[in-house]
There are 2 protein chains.
Amino acid sequence: MTRPSVTTPDALAQRLAHSGLRSTPQREVIYDVLLKKRDHPTADEVYARVRSDMPSISLATVYNCLETLVQCDLVRAVNFERGPTRYCPNLRPHAHFHDEQSGSTHDIDLPPDLLEKVSAVLPPGYDAKSVEITFRGKALPSTEPKAAANK
Amino acid sequence: MTRPSVTTPDALAQRLAHSGLRSTPQREVIYDVLLKKRDHPTADEVYARVRSDMPSISLATVYNCLETLVQCDLVRAVNFERGPTRYCPNLRPHAHFHDEQSGSTHDIDLPPDLLEKVSAVLPPGYDAKSVEITFRGKALPSTEPKAAANK
DNA sequence: AGTGATAATTAGAATTATTCTAAATGATGA
DNA sequence: TCATCATTTAGAATAATTCTAATTATCACT
């Protein structure tokens, strides 16, 4: 046979290729883990989850792959104070709400014009490439993330 | 004598007392350092500056005092990604602009209603105690902080 | 002024998250 | 198949911060 029916490159493979990078089993399983449970896991948490699928993966690879996904704009790295970096596959414009009681992080979708409106406070001479909005406080249990939608 | 003319407690001493804490030479000199050069120094930088006044101070004390000042709401701790925590004595509502070239941090004063407007995007069930807005990008040299006003 | 209780400071060890290094493995294309 | 380059890996190294336990300073009372 000349070519065994080419699998259509998925979004991940395409994005990676666009940056001259390869799709690898490690990158795929890590990205899947992030999509499956969108609770802003740390690298350690991702490591733990990935290991059930791929017990031989190393923590260094988890760090490497997460960094790669961030570079490709498939994932956002999120920080609260000096806590460990958390990873978020939600690409829509959104803010983060950090619940101080539970430690959980909630995505807050933003109306389309808000980031522009906020950026408008910058005096001349400032050119912002990104804006981050972070809330800290108390969230009612009813707000606990259920089935996050993306896409 | 019954009482040697009491020195009027300054803002620092009052704030500390309000939290049941004492004013100490270390706390004073650290707060002064922050007020004198408002370039969002790290704990290490504060340590270096304070040592010219008080060569015997320890780094642990610098961390302790900075934390104390933050607890008393005299100073804000500011973080960018996972970089070292920076300290800012500007108590007005403001955002931070992080210049990627120079690594410098600029305070961006916010119009009085902006934080409320931003908080208005929170769905019911979310009660935010604080809102943080951070810009990242390029700032023209003309925007380099000169003499920051506070008060 | 002396004394006990509490607060603050200190040096150095410990911790935590992350990055680095150098070697091994894997994929790609001539 | 071979050479090349990308990727993964284990473990060492790093950086910022926190912790620990001991010392020093201050306060409230007498």
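Everything quoted here is computed from the prediction, not taken from an experiment.

(A) Focus on a negative patch on the surface. On the surface, A:D10, A:E28, A:D32 and A:D53 cluster together into a negatively charged patch. Secondary-structure assignment places A:E28 in helix α2 (residues 25-36).

(B) Looking closely at the relation of the copies chain A and chain B. With an RMSD of 0.0 Å, chain A superimposes on chain B once it is rotated by 180° and translated 0.0 Å along the axis. Taken together, these values place the two copies in the relation of a two-fold axis. It is A:I133 whose C-alpha, among those of chain A, lies nearest the rotation axis, at 2.4 Å. Most of the interface of chain A is mirrored in chain B, where 100% of its interface residues again form contacts.

(C) Spatial organisation of the interface of chain A and chain B. Contacts between the two partners involve 36 residues from chain A and, on the opposite side, 36 residues from chain B. Here chain A packs against chain B, burying approximately 3,000 Å² in sum over the two surfaces, 58% of which is carbon and sulfur. Summed over the three residues of chain A that lose the most area to chain B, namely A:R82, A:Y126 and A:F135, the buried surface amounts to 21% of that side. In this structure, the connection of chain A to chain B is made through four salt bridges. Between A:R136 and B:E132 there is a salt bridge whose closest N-O contact spans 3.7 Å. Joining chain A to chain B, the criterion identifies 17 residue pairs in polar contact (both at pLDDT 80 or more). If one sorts the elements of the side of chain A that touches chain B by residue count, strand β5 (residues 126-139) of chain A sits on top with 14 residues.

Cut-offs and rules
Residues numbered from 1 in each chain as written. Chains lettered and ligands numbered in written order. Predicted model: local features only at pLDDT ≥ 70, side-chain atom pairs only at ≥ 80, totals over all residues. Heavy atoms only, no water. Patch = residues over 30% accessible without salt bridge, like charges linked within 9 Å, V, L, I, M, F, W, Y side chains within 5 Å. Areas by Shrake-Rupley, 256 points an atom, 1.4 Å probe, with all protein chains shown as cover. Salt bridge = Lys/Arg side-chain N within 4 Å of Asp/Glu carboxyl O. Lys, Arg positive; Asp, Glu negative; His and termini not counted. Charge placed at Lys NZ, Arg CZ, Asp CG, Glu CD. Helix = DSSP H or I, 4+ residues; strand = E, 2+ residues; numbered from the N terminus. Least-squares fit on C-alpha atoms with pLDDT ≥ 70 in both. Contact = heavy atoms within 4.5 Å. Buried area = accessible area lost by both parts, 1.4 Å probe. Polar contact = N/O pair within 3.5 Å; in protein donor to acceptor, adjacent residues only side chain to side chain.

Keep in mind that these numbers describe shape and distance, not what the molecule does.
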